[in-house]
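Fold and contact review
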Amino acid sequence: MAKVDIKLPDDFLNKVQNLGSQEDGIAERVLQAGADVVLSKVKSNLSGAVGRGTKYPSRSTGELEGALGASSVKVDRQGNHNIKIGFAEPRSDGDSNAKIANILEYGKHGQPAKPFLKPAKSSTRSECISAMQQKFEEEVRNI
């Protein structure tokens, strides 16, 4: 039976070890890079959808657009890192930003749908993935 002994360079082993010890910080920065891409697209879609195609003058206060943002990176029970894009609550008028966004996205009786979330999700998928890959490669190079 043949025996193989593989020796890896010390600098490579050190990088792999450092990568493991810095995993949480790297994951946060990579997710933030992807969220920035999606958030900018959602913001531009939202500003284009608000007040467009209405019979009456827009009553928009800009509060919905101001409440849009990304959460901080959280780790769930399974150890997965997550970041969410959504709306801060509550509104100054007591209504819910999520409700207003839902009505805008899907419409209601007498108000046609003006999707801004779903198109942003589908149009930024590849751009988001490439931004996250670039950030990950940059983080690995900096180790």
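Description of the structure in this document. (Residues numbered from 1 in each chain as written. Predicted model: local features only at pLDDT ≥ 70, side-chain atom pairs only at ≥ 80, totals over all residues. Heavy atoms only, no water.)

What follows covers the environment of A67. Following the sequence through the fold, A67 ends up in helix 3 (residues 63–67). Sequence separation of A67 and E89 is 22 residues, and the distance between their C-alpha atoms is 7.4 Å. Non-local contacts of A67, meaning those with residues more than four positions away in its chain, are made with G86, F87, A88 and N97. (Helix = DSSP H or I, 4+ residues; strand = E, 2+ residues; numbered from the N terminus. Contact = heavy atoms within 4.5 Å.)

This part takes up the nonpolar core. V42, L46, L64, L68, F87, L104 and F116 are the most contacted members of the largest nonpolar core, which has 14 residues in total. Taken together, the elements giving at least two residues each to this core come down to helix 2 (23–49), helix 3 and helix 4 (97–106). Take this core: its biggest share by element is five residues, from helix 2. Those residues in contact with L64 that lie beyond four places of it in its chain are L46, F87, R91, N97, I100, A101 and L104. (Core = buried A, V, L, I, M, F, W, Y, C linked by side-chain atoms within 4.5 Å. Buried < 20%, exposed > 50% of the residue type's maximum accessible area, 1.4 Å probe, protein only.)

A few words now on the layout of surface pockets. Put simply, the second largest pocket is a space of about 390 Å³. Along the walls of the second largest pocket sit 14 residues, with V38, I85, A120, K121 and T124 positioned nearest its centre. At the level of secondary structure, the elements contributing two or more residues to the lining of the second largest pocket comprise helix 2, strand 4 (85–87), helix 5 (117–123) and helix 6 (125–141). Class assignment of the residues belonging to the lining of the second largest pocket gives a composition of nine nonpolar, three polar and two charged. (1 Å grid on protein atoms, 1.4 Å probe; cavity = no way out; pocket = protein on both sides within 12 Å on 5 of 7 lines; lining within 4 Å. Points joined across faces, edges and corners; volume = space filled by probe spheres on them. Nonpolar A, V, L, I, M, F, W, Y, C, P; charged D, E, K, R; others polar.)

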